[in-house]
Amino acid sequence: ITDLPSESDDAKTFSLEERDLVVGKVYRRLMEIESRLLPCGLHTIGVPPSAEEAIATLVNIAGIDRPEDNIKALPRIIAD
């Protein structure tokens, strides 16, 4: 996640708005991860995904841009 405070930053000195921004960024990232994994059944702890679910997960992951890591989604790479 880009633009998060470093570990050396003292969050106690942040304004309410700054704290809300940090929480919002983390929340958005968690929701993105959840939306990729939950439809594929990976939320069930201790139960391995079927081959179909594993393939669907990999396809979903490959289809998402990751600008924070300067990585394009596979469909975008193919289109270029």
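Each value, and the rule that gives it
Residues numbered from 1 in each chain as written. Predicted model: local features only at pLDDT ≥ 70, side-chain atom pairs only at ≥ 80, totals over all residues. Heavy atoms only, no water. Salt bridge = Lys/Arg side-chain N within 4 Å of Asp/Glu carboxyl O. Helix = DSSP H or I, 4+ residues; strand = E, 2+ residues; numbered from the N terminus. Buried < 20%, exposed > 50% of the residue type's maximum accessible area, 1.4 Å probe, protein only. pLDDT = per-residue confidence, 0-100.

1. Some points on the pattern of salt bridges
Argument step 1. For the coordinates displayed, the defined rule picks out 3 salt bridges.
Argument step 2. One salt bridge in this structure joins D65 and R76, with 2.6 Å as the shortest N-O distance. With a gap of 11 residues between them, D65 in the loop between α2 (51–62) and α3 (74–79) and R76 in helix α3 connect regions that are remote in the sequence.
Argument step 3. Given the relative accessible area of 29%, D65 is considered partly exposed.
Argument step 4. One salt bridge in this structure joins D80 and K72, with 2.7 Å as the shortest N-O distance.
Argument step 5. By relative accessible area, which is 66% here, D80 ends up exposed.

2. Notes on the confidence of the model for the protein
Argument step 1. The share of residues in the protein with pLDDT of 70 or more is 86%, and the mean pLDDT across the chain is 82.
Argument step 2. At the level of individual helices and strands, the protein shows its lowest average pLDDT in α2, which scores 83, and its highest in α3, which scores 91.

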